[in-house]
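Tertiary structure, described
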Amino acid sequence: MASIAEALANWAADLEPGPEDLALAHRSLLDTAAVTLAARDDPLAGIAAELPDAARWAAIGHVLDFDDLHVESTTHISVVTVPVVLATGGDARAYLAGAGVMARLGNALGWSHYAAGWHATCTAGAPAAAVAAGTALGLSAEQLATAMALAVPAAGGVQNAFGTHGKSLQVGFAAQAGVRAAQLAQAGATADPAALDAWLGLVGGSGELDLSGPAVPGGLAIKVFPCCYAMQRPIAALREIRHRIRGQVRGVRVRTPQATVKPLIHDRPTTGLEGKFSLPYAVATALLDEYPDFAAFTDAAVGRTAAQELLRGVEFEGTPGADGLLTGEVDIEVTHDGPPLHVRLAQPPGAPSRPPTDAELAEKFKACGTDVPALLAGADWTAVRQLLRKTFPRAD
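As the structure is a computational prediction, the values presented were derived from the model and not from experiment.

Notes on the UniProt feature "domain: MmgE/PrpD N-terminal" (unreviewed entry) in the protein chain
- Look at the UniProt record and you will see "domain: MmgE/PrpD N-terminal" (unreviewed entry) annotated at residues 58-198.
- Measuring from the first to the last C-alpha atom of residues 58-198 gives 27 Å, for a span that is 67% helix and 0% strand.

Quick look at the UniProt feature "domain: MmgE/PrpD C-terminal" (unreviewed entry) in the protein chain
- UniProt records the feature "domain: MmgE/PrpD C-terminal" (unreviewed entry) for residues 225-372 in the present numbering.
- Segment residues 225-372 splits into 30% helix and 16% strand. End C-alpha atoms: 17 Å apart.

Focus: the domain arrangement of the protein chain
- Here the domain parsing of the protein chain yields domain 1 (4-223 + 370-391) and domain 2 (229-339).
- Contacts between the two partners involve 20 residues from domain 1, matched on the other side by 17 residues from domain 2.
- For the pair domain 1 and domain 2, the two sides together bury roughly 1600 Å², of which 73% comes from carbon and sulfur.
- On inspection of domain 1 and its partner domain 2, the count reaches 0 salt bridges.
- Scanning the region where domain 1 abuts domain 2 turns up 4 residue pairs in polar contact (both at pLDDT 80 or more).
- When residues of the side of domain 1 that touches domain 2 are traced back to their parent elements, those giving at least two are helix 6 (92-115) and helix 10 (165-187).
- Tallying contributions element by element places helix 6 first for the side of domain 1 that touches domain 2, with 3 residues.
- Residue composition of the side of domain 1 that touches domain 2, by class: 11 nonpolar, 6 polar and 3 charged.

Cut-offs applied
- Throughout this description, residue numbers start from 1 for each chain and increase along the sequence as written.
- The predicted origin of the model limits local features to residues at a pLDDT of at least 70 and limits the giving and counting of side-chain atom pairs to 80 or more, whereas totals for whole chains, interfaces and linings rest on all residues.
- Computation of side-chain values covers all heavy atoms of the structure but excludes hydrogens and water.
- UniProt positions are given in the numbering used here, feature names are shortened, and annotations may be inferred rather than shown by experiment.
- In DSSP terms, a helix is any run of H or I states spanning at least four residues, a strand is any run of E spanning at least two, and both are numbered starting from the N terminus.
- Per the annotation, domain bounds derive from an automatic or database assignment of domains.
- Here, residues are in contact when the closest pair of their heavy atoms is within 4.5 Å.
- What gets called buried area is simply the loss in accessible area from a 1.4 Å probe that two parts show on being joined, summed for both.
- Criterion for a salt bridge: a side-chain nitrogen of Lys or Arg within 4 Å of a carboxyl oxygen of Asp or Glu.
- Under the rule applied, a polar contact is a pair of N or O atoms within 3.5 Å (in protein, one hydrogen donor and one hydrogen acceptor; residues adjacent in sequence only if both atoms are side-chain atoms).
- Under the grouping applied here, Gly and all other residues not named as nonpolar or charged are polar, the nonpolar ones being Ala, Val, Leu, Ile, Met, Phe, Trp, Tyr, Cys and Pro and the charged ones Asp, Glu, Lys and Arg.

Next up, the structure:
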């Protein structure tokens, strides 16, 4: 019986992308490039300058938490696989091979893996990055399986890093580990593909694979706000009623499945990074800011007196029984100087069932920098590779 690594490697080697797959790959390339360019002035861009290309671009691309998400597996697929493919000279097929493996491996790990505190973007990301890099380098199916096994030692990362540079850096480490594993497999290194099966069991995965369907089953969610995906739904819900608030907000009650806020570990954030992982701050920025953009997630914005006062008035009720970030719905009640306001929302803008329009994507790219739309106009994998090397060169 073939190992999980062999099954995934054979799937990747045989992949023949269709038009919808290629369209998703192109959108993912541009979206990832845009959110990476948006971090040009972030302190992490300097901190990560000495890292290799894949690690550097992945870490910088993730630091603003504006990159896409595979909701079913709770993994940030493109910020791992796009930098890997760019760093190894690949194209859309290499991206789709790595992205498809990451989605399926993430699904096999399951919600219980994420709920236990693992950062699934890193755990599923390292072996998937090996496939993306290996496909770009022209490895055989046997070599791809070997590369996945060689990436197993790097398949870690925990949610305690959320709200710090550690979160984006460990994503970069996973990406680079895949490149390193693929290069070693290409050079003739050996490894037992069954190592991936053993690792999957140790970290609580089911080992069940579904190799059917499109390259990336379930599609990808595009973020509308630059923060954790678990905050997208409550922010979007409150934006539907904020214009009806009269006078002072007395309190906000948020009721949603407990699982949907699992990554939101900062109830009293004091920094911009912590604010990106805070349900109370999701409420605060949604009510205070006309549009929660990058400025809403600075240290100064999170520290605003008005924001800190709102944090203390948020009451949360988590319901049991869910197993994903978009299960059920969010139910919010706002008490203010007028009659209580009530709103419910199941699918936020940008969710796979509510994909962004071309106009919405264009607006997001513009938010990432006034020059970003022009920089990415007509860009392909080669052009984006050159752009990132010019914008984020490795330190000498």
